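Read off the chains here:
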Amino acid sequence: MKFALICKDKTGALDIRKANRDAHLAYIGDTGVVEQAGPFLDAGGEMCGSLVILNVDDPAAAEAWAENDPYAKAGLFESVDIQAWKKVIGA
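Residues numbered from 1 in each chain as written. Predicted model: local features only at pLDDT ≥ 70, side-chain atom pairs only at ≥ 80, totals over all residues. Heavy atoms only, no water.

Focus: helix H2 (residues 59-68)
Three or four residues apart is the spacing at which side chains of an α-helix point the same way, because the helix has 3.6 residues per turn. Applied cut-off: Only protein chains enter the accessibility calculation, which uses a 1.4 Å probe; a residue whose area is less than 20% of its type maximum is buried, one above 50% is exposed, and one in between is partly exposed. Numbering of helices and strands starts at the N terminus; helices are DSSP runs of H or I of at least 4 residues and strands are runs of E of at least 2. Think of it as the arc spanned by the lines of direction from the helix axis to the C-beta atoms. In this description, contact between two residues means that some pair of their heavy atoms is separated by no more than 4.5 Å. Polar contacts here mean pairs of N or O atoms no more than 3.5 Å apart (in protein, one a potential hydrogen donor and the other a potential acceptor; neighbouring residues in sequence count only if both atoms are side-chain atoms).
Among the residues making up H2, those that are buried are Ala-62, Trp-65 and Ala-66. The arc that holds the buried residues of H2, viewed along the axis, is 95°, so those residues lie on one side. Among the exposed residues of H2, those oriented more than 90 degrees off its buried face are Ala-60 and Glu-67. Summarising the contacts, the buried residues of H2 are in contact with strand E1 (2-9), helix H1 (14-31), strand E2 (34-41), strand E3 (47-55), helix H3 (70-73) and strand E4 (77-85). Looking at where H2 begins, the residue whose side-chain oxygen comes 3.2 Å from the main-chain nitrogen of Ala-60 is Asp-58.

Notes on the nonpolar core
The tendency in soluble globular proteins is for nonpolar side chains to be buried as a group. Threshold: Among buried residues, the Ala, Val, Leu, Ile, Met, Phe, Trp, Tyr and Cys ones that are joined through side-chain atoms within 4.5 Å form a nonpolar core.
Judged by nonpolar contacts, the single largest core of 16 residues is most densely connected at Leu-5, Leu-54, Val-56 and Trp-65. Listing elements by their share of this core, those giving two or more residues are E1, H1, E3 and H2. Leave out the neighbours within four places in its chain, and Val-56 touches Met-1, Phe-3, Val-33, Ala-61 and Ala-62.

Notes on the sheet that holds E2
Counted only if it meets this: In short, DSSP must find at least two bridges between two strands for them to pair. Axis angles are defined between N-to-C directions and span 0 to 180 degrees, where every axis is a line fitted to C-alpha atoms and, for a helix, only to the segment in contact.
The strand order across the open sheet formed by 4 strands is E2-E3-E1-E4, and the pairing between neighbours is antiparallel. The outermost strands of the open sheet, each flanked by one partner alone, are E2 and E4. Taking each pair of neighbouring strands and ignoring which way they run, the sheet shows an average axis angle of 15°. As defined by bridge partners, E1 adjoins E4 across 8 bridges and the pair is classed as antiparallel. Bridge pairing in E4 places Phe-3 opposite Ala-84.

These results come straight from atomic positions and should not be treated as a statement about function.
So, in structure tokens, the structure goes:
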């Protein structure tokens, strides 16, 4: 089952994001459940949040993945919304 994580960074937290980016990307690779991911960008082109599409068994697995993301553990996010998602268009 697919879930979209819509994560919004805390204001002024770009340094937290940059400091934890390598660990976040390693976590994505190590867990093997991320189908697509990328940062949201603000008007100035700076990263300000994340969209992550997970392929996991259930909402609890999506929540566990989100809680263990190094970005979340570092306190980067103002909010994290998890929504079941159905892919209709795209490769």
